[in-house]
Amino acid sequence: MKLRSVGKLPAILLCLLALAATGPVMAQKPTQPAQATAQNAAQPAQKTAPAQSGQTATQPAGKTAPAQEGAQPADDGATPGTATEPATAAQPAQTATPPAEQTVPADATPPAQTQAIEQLAKAGEELKRLTDLVDKAKDDDTALAELKVQVDALSKQIIGVSVSTRPRLEEIKARLTELGDPPGEGQPPEADIVSAERKRLVAERGAINALTGEAEGLSVQSTKLSNAITATRRALFSNTLLKNTEVSGAMFNDALSATADETRVLTRSVTSWLSFAWNYKRVQLLSALFLSLLAALVFLAGSRRLFRPWIQHDITDEEPSYFRRLSVAFWSTMIPTLASAAFAVSSFFFLHSFNVLRSDIAPIVAITLGVSVVVFFITRLAQAVLSPRDARWRLVRVSDRGARMLMVAIFAMALVNGLDYLFGGVSEALGSPVVLTVVKSFVASIVIGLIIIASAWIRPTLRKDDDFDAHGRSWPRLVSIGLVLIGLSLIVAAASGYVGLARFIATQIIITGAILVTMYIGILTGRAVAKQGAFGETAAGRYLERRYNLEQVALDQIGLVAGLSIYALVVLFFIPLILLQWGFQIADIEAWAYRAVTDIKIGSITISLVGILAGVLFFALGYAVTRFVQRWIDGNIMARSRVDAGVRNSIRTGIGYTGVGLAGLIGLSAAGIDLSNLALVAGALSLGVGFGLQNIVSNFVSGLILLVERPFKVGDWIVSGTTEGFVKRISVRATEIETFQHQSIMMPNSLLINASVGNWTHRNKLGRSEIAVTVSYASDPRRIMELLSEIAAAHPMVLKNPSPSVGFTAFGDERMTFELRIYVADVLTGGGVRNDLRISIYERFRDEGIGEPFPVKIEDVPVEDQTGIESDEPEKVGEPKGATSAEARASAEARAPARTTASGRKTASAAPLDEEEEVEEARKRRTASRRANPNR
């Protein structure tokens, strides 16, 4: 029994690594020269039924379709250039006849149609050849996978030939519609040139219909062949896994004798090869070995030296973070494994290039190198996760003794599975009996099952407060039962004769499990790198920050890109390995990859990632060209011509809009998007605007302008009319503004475009605040300004540049007014800063013995207003609530150094006026006011 679908993992791994080193090789499409003779064109791969039935019938290649009943063959002696009866769709065989036998002259067949006929003839021959190859390779899964790729490519080529004739068919239909029907009885005859053109077009239409029918038939045949290949491969895989072999003593006896014979053949082959290579190809052998050792030095030692910080444990780090442990575990597994795989591929390449390997030795060398790489990968992964020598870098919480025992078990399973593949490859290369391979796989499956069962009795787990050197505890019951069941299933499957199934399960447990663990570690590493602030803590982040003076925002963006790159690496590298483990071939993966980037179908929509990428690149190129043209015209033409600044801005903006629009159209076309659909959308919008959607369209366009020009953004503090607050969200219809009272206002975008909008945080959050201070005339203005400057400079949130300033702004009736102007880095904090400064001013002025730094206004209160009814006038700053005017004046003058009466004389504020004096003073003021305003 040959386990071809699951027995070539190391060799397939080497092939995959070789392909990755030399570049992806997509499945080659069968290309045939578009040169066919008239005889080949006369023998299509299938015949087509008459067009009247609308059905196609296929027949083996080499047979021609019968002519229509009653139709006479063309006269061999007909004069060249004489037109006979036009060919119709009921005569498809005429489209593939030599020019001398066609009813239409040879010079009347368009070159494009002739080329299509030749391509279909070649496609029919290629399809027949592929069918024969599929019949011969029914037991070779690798060959079937490659043939399926060729059949699918041929099917696309056939469909392409059919599609290429459609434009010409549409032209013929349009021209026949213009010519109209032929004249009936009793109608005047039409011109001979019109009749001849109609006959020629009808004949060409019939030929194209026949050609399309033939292409459809070939396409159906290729689809059936592709489905048959898939069914054959599926059956081959199932039969390989589920094939039952009788386990008996005779089988083991035959295996023992076959082992002795294989050992003798292997010893003789290796000895003779070494003797021949040393005696006759010594220089080539030594050269290949030298280059292999050089490759080992470059890949293994070089990678260790170059990536040492990423793959080695830092002994000085007492408590490495989880992110650091994840990163070291992932890269210490990936980098050495890739280096060893590159060394294995290069060694085999050098030995093969110098023609040192024989045909029977080359497979043995390849499988040995492949198995070595796989075992090395599993061992490195186990060391990275378990870290048996240094518990600080362990990713799972297990005891030291448990980590060592698990490491031994994993290594033993990997070694047994690798030796099974190695011995199986040797047996296949030497042509040993199949029973020997079956017995080797049987023994390997039993041993791996026993190791898994023994792992259930390891006591690796720890409590939360236990040290790593403590005695571990048993596995959780579910885990231990699962390990026992898995091991027993392998043993039972192998003992029942399902050796292929047992070997497949063992391989998936070991290799697929290792791949999944590595993927999980890689995903966790990418997630940790992409977290905010995490990349700046890495060695690469610290180097970039030190080398390029990057800020935290830039480092976070780089970390996000690094995390996404790790995700892509994990998916693109490990998913193909898992697919190879489950029986798929490299050709399948290449075909899927090609289809994924070129032909993704969602319903009736076809998406091409390559087309989308091309559209993005074209748009980016057009955008860059537009910006370059803008700068060049503005800086070299308009600047030298001394064009007005407004005109320059208008021209620059117009060029920008035009260029970006053209770049967008080019990008959409390159991405494969039909622009006619956009025209339909534009027409529908125009119709909607005409039916009353002007406001919606106006807000929509205004929203686009706001999003592109960004006069304000989310988080800005804006003022528009009576609305003031923070921008919370900008949509294409309205902008959400949250006021200081936490009220959300939805303002239409058109209002923000057409009205004036004040933005406090447009360029930056720098803002200026003013504080008005009034003092009495007894104060020294220069001292006041000096004190205000000192108070402002002492506040930590007041900027030094621009520096604060003090202005003497006005003379009042009784007070002088000053204004303290300060700048803060964040205008949103201005209220708190002003509050702090007012308190500081009050305390400093109080200590300096200066009057109140706020306005005091004393007015006469008419008798009719002293009724206790609250007035509409605002409450005066500094007056106690509910106090009378006399009380307020007495209180104010008690604190003021001096006052001036209505008669102009000064009185000391230390002796407040009594009630009679207050009334007299009020009367004098009313008298003075009447004299000043006699018309009042």
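Please read all numbers here as calculations on a predicted model, not as lab measurements.

Visitor: Would you explain the overall build of the chain in this entry?
Guide: Within the chain one finds 27 helices and twelve strands. Per-residue burial for the chain yields a buried fraction of 37% across its 936 residues. Accessible surface computed for the chain: about 54,100 Å², of which carbon and sulfur atoms make up 60%.

Visitor: Just checking my understanding: could you explain the nonpolar core for this structure?
Guide: Generally speaking, a soluble globular protein has its nonpolar side chains buried in company with each other. Of all hydrophobic cores here, the largest spans 39 residues; its most connected members are I378, I515 and I521. Sorting the residues of this core by element identifies α10 (322-353), α11 (362-386), α12 (400-430), α13 (434-455), α15 (499-530) and α17 (552-581) as the ones contributing at least two each. Counting residues per element, this core draws most heavily on α15, at ten residues. Excluding its chain neighbours within four sequence positions, the residues that come into contact with I515 are F377, F574, L577 and I578.

Visitor: Just to check I follow, could you spell out the sheet that holds strand β5 (residues 734-739) for this structure?
Guide: Two modes of strand pairing occur in sheets, parallel and antiparallel, and in both the strands are linked by backbone hydrogen bonds. Taken together, the five strands give an open sheet; going across it, the order is β6-β5-β4-β3-β7, and neighbouring strands pair in antiparallel fashion. At either margin of the open sheet sits one strand with a lone partner, and together these are β6 (744-748) and β7 (758-759). In terms of strand pairing, β5 meets β6 through five bridges, oriented antiparallel. Looking at the pairing, E738 lines up with S744 of β6.

Visitor: Can you help me understand a nonpolar patch on the surface in this one?
Guide: Together, F618, L621, V625, F628, V629, W632, I637, L662, L665 and I666 make up an exposed nonpolar region whose accessible area comes to about 940 Å². Counting only elements with at least two residues in the nonpolar patch, the list comes to α19 (609-638) and α20 (645-670). Sort the elements by how many residues they give to the nonpolar patch and α19 lands first, with seven residues. For F618, the location among the structural elements is in helix α19.

Visitor: I would appreciate a short explanation of the side chain of S455 in the present structure.
Guide: Relative to the helices and strands, S455 is located in helix α13. By relative accessible area, which is 8% here, S455 ends up buried. S455 has contacts with A409, W475 and L483, leaving out every residue within four places of it along the chain.

Visitor: Can you help me understand the packing of aromatic side chains in this one?
Guide: Taken as a whole, this structure holds 16 aromatic pairs when the rule is applied. Ring centres of F237 and F504 lie 5.8 Å apart, and the angle between their planes is 80 degrees; on these two criteria the pair is classed as edge-to-face. Here F237, found in helix α6 (residues 192-242), pairs with F504, found in helix α15; they are 267 residues apart in sequence, far enough to count as distant. Residue classification places F237 among the partly exposed residues on the basis of a relative accessible area of 22%. By relative accessible area, which is 7% here, F504 ends up buried. The lysine or arginine in question, R397, covers the ring of F468, its NZ or CZ lying 5.4 Å from the ring centre. R547 extends its terminal NZ or CZ atom over the ring of Y548, reaching a point 5.0 Å from the ring centre.

Visitor: How should the pattern of salt bridges be read in this particular structure?
Guide: When the charged atoms of two side chains with opposite charge come close together, those side chains can pair. Taken as a whole and assessed by the stated rule, the structure comprises 28 salt bridges. Put simply, D716 and K713 hold a salt bridge, and the shortest N to O gap is 3.4 Å. Under the relative-accessibility criterion, D716 is labelled buried at 3%. Between D847 and R846 there is a salt bridge, with its nearest N and O atoms 3.9 Å apart. Relative accessible area serves as the criterion here: at 60%, D847 is assigned to the exposed category.

Visitor: How do you make sense of the packing of helix α4 (residues 141-164) against α6 when you look at a structure like this?
Guide: Each pair of packed helices gets described by two things: the angle between the helix axes and the distance between those axes. Interaxial distance between α4 and α6 falls to 9 Å at its minimum, and their mutual angle equals 160 degrees. Considering the angle they form, α4 stands roughly antiparallel to α6. In the packing of α4 onto α6, the handedness of the crossing is left-handed. Here the residues of the contact of α4 with α6 are counted per class, giving eleven nonpolar, nine polar and four charged.

Visitor: How should the sheet that holds strand β9 (residues 805-811) be read in this particular structure?
Guide: As summarised here, the arrangement of the three strands in space is β8-β10-β9, forming an open sheet in which the pairing is antiparallel. Of all strands in the sheet, those bounded by a partner on one side alone are β8 (767-776) and β9. Sheet twist, expressed as the mean angle between neighbouring strand axes with direction ignored, is 25 degrees. The pairing of β9 with strand β10 (residues 815-824) spans six bridges and is classified as antiparallel. Paired with A810 across the strands is T817, a residue of β10. Packing of helix α24 (residues 781-794) onto the sheet brings it into contact with β8, β9 and β10, and relative to β10 it is tilted by some 25 degrees. Contacts from helix α25 (residues 830-848) reach β8 and β10 within the one sheet, and its direction differs from that of β8 by about 25 degrees.

Visitor: Even after reading the chapter, I still don't get the pairing of β5, so can you show me in this structure?
Guide: Residues in a regular strand project their side chains so that they alternate between the two faces of the sheet. Buried residues dominate β5, accounting for six of its six residues. Because side chains alternate across β5, one face comprises the buried residues A734, E736 and E738, and the other comprises T735, I737 and T739, equally buried. In the sheet, strand β4 (residues 723-730) pairs with β5 via five bridges, with the strands oriented antiparallel. Looking across to β5, one finds that G725 is bridged to T739.

Visitor: How do you make sense of the packing of helix α7 (residues 249-280) against helix α8 (residues 282-306) when you look at a structure like this?
Guide: Between α7 and α8, the least distance of the axes is 5 Å, while the angle of their chain directions is 105 degrees. By the criterion of interaxial angle, the relationship of α7 to α8 is roughly perpendicular. Residues A277, W278, N279 and Y280 of α7 pack against R282, L285 and L286 of α8.

Visitor: Any chance you could explain the environment of D135 here in plain terms?
Guide: Along the chain, the position of D135 falls in helix α3 (residues 111-136). On the basis of relative accessible area, D135 is assigned to the partly exposed category, the value being 44%.

Visitor: Can you walk me through unusual backbone geometry in this structure?
Guide: Here the bond from N801 into P802 is cis, since omega is 0 degrees, no more than 30 degrees from zero. Structurally, P802 is set in the loop between α24 and β9. The backbone phi angle of N355 is positive, close to 60 degrees, even though this residue is not glycine. Looking at the element boundaries, N355 is found in the loop between α10 and α11.

Visitor: Before we go on, may I ask you to explain the environment of G672 in this structure?
Guide: Tracing the backbone shows G672 in the loop between α20 and α21 (675-690). Distance in space between the C-alpha atoms of G672 and A614 is 9.5 Å, their sequence separation being 58 residues.

Visitor: Sorry if this is basic, but what is going on with helix α22 (residues 694-709) here?
Guide: Because an α-helix packs 3.6 residues into every turn, residues spaced three or four apart end up facing the same way. Relative to the 22 Å expected for 16 residues at 1.5 Å per residue, α22 spans 22 Å between its end C-alpha atoms, a close match to the ideal helical length. The complete set of buried residues in α22 reads N699, S702, G703 and L706. Angularly, the buried residues of α22 cover 105 degrees about the axis, an arc narrow enough to put them on a single face. Packed against the buried residues of α22 are β4, β5, β6 and α23 (749-754). Positive phi appears at R710, one or two residues downstream of α22, with a value of about 55 degrees.

Visitor: In this structure, what is going on with a positive patch on the surface? I would like to understand it.
Guide: Residues R401, R404, R459 and R473 make up a contiguous surface patch of positive charge. Positionally, R473 belongs in the loop between α13 and α14 (477-495). Judged by relative accessible area, R473 falls into the partly exposed class, the value being 40%.

Quick notes on the rules
- Within any chain, residue numbers begin from 1 and follow the written order of that chain's sequence.
- Whole-chain, interface and lining totals are the exception, using all residues; otherwise, since this is a predicted model, local features are given only for residues with pLDDT of at least 70 and side-chain atom pairs are given and counted only at 80 or more.
- Water and hydrogen atoms play no part in the side-chain values, which are based on all heavy atoms of the structure.
- Per the convention used, a helix needs a DSSP run of H or I reaching at least four residues, while a strand needs a run of E reaching at least two, with both numbered from the N terminus.
- Remark: exposure states derive from per-residue accessible area (1.4 Å probe, protein chains only) relative to the maximum for the residue type, with buried under 20%, exposed over 50%, and partly exposed in between.
- Accessible surface area values rest on a Shrake-Rupley calculation with a 1.4 Å probe, where residue burial reflects the displayed protein chains alone.
- Put simply, a nonpolar core is a bunch of buried Ala, Val, Leu, Ile, Met, Phe, Trp, Tyr and Cys residues held in one set by side-chain atoms that sit within 4.5 Å of each other.
- By definition, residues are in contact when any of their heavy atoms lie within 4.5 Å.
- Only strands that DSSP links by at least two bridges are regarded as paired with each other.
- The patches reported here contain residues having more than 30% relative accessible area and no salt bridge. Joining distances are 9 Å for like charges and 5 Å for nonpolar side chains (Val, Leu, Ile, Met, Phe, Trp, Tyr).
- Criterion for a salt bridge: a side-chain nitrogen of Lys or Arg within 4 Å of a carboxyl oxygen of Asp or Glu.
- Centres within 6.5 Å are what make two rings of Phe, Tyr or Trp a pair, Trp counting through its six-membered ring; a difference in plane orientation under 30 degrees is then read as stacked, over 60 as edge-to-face, and the rest as tilted.
- Each ring is checked for a lysine NZ or an arginine CZ that lies within 6 Å of its centre and within 35 degrees of its normal; such an atom marks a charge sitting over the ring.
- To get an axis, fit a line to the C-alpha atoms, keeping to the stretch in contact for a helix; angles then go from 0 to 180 degrees between the N-to-C directions.
- With respect to orientation, any angle under 35 degrees is reported as roughly parallel, any angle over 145 as roughly antiparallel, any angle of 65 to 115 as roughly perpendicular, and every other angle as oblique.
- Take the far helix as the reference: if the near one is turned anticlockwise from it by less than a right angle, the crossing is left-handed, and if turned clockwise, right-handed.
- Asp, Glu, Lys and Arg are counted as charged, while Ala, Val, Leu, Ile, Met, Phe, Trp, Tyr, Cys and Pro are counted as nonpolar; the rest, among them Gly, fall into the polar class.
- How far a helix is expected to stretch is found by multiplying one less than its residue total by 1.5 Å.
- This arc describes the spread of directions from the helix axis toward the C-beta atoms.
- Counted as positive: Lys and Arg. Counted as negative: Asp and Glu, with His and the chain ends omitted from the count.
- The atoms used to mark charge sites are NZ of Lys, CZ of Arg, CG of Asp and CD of Glu.

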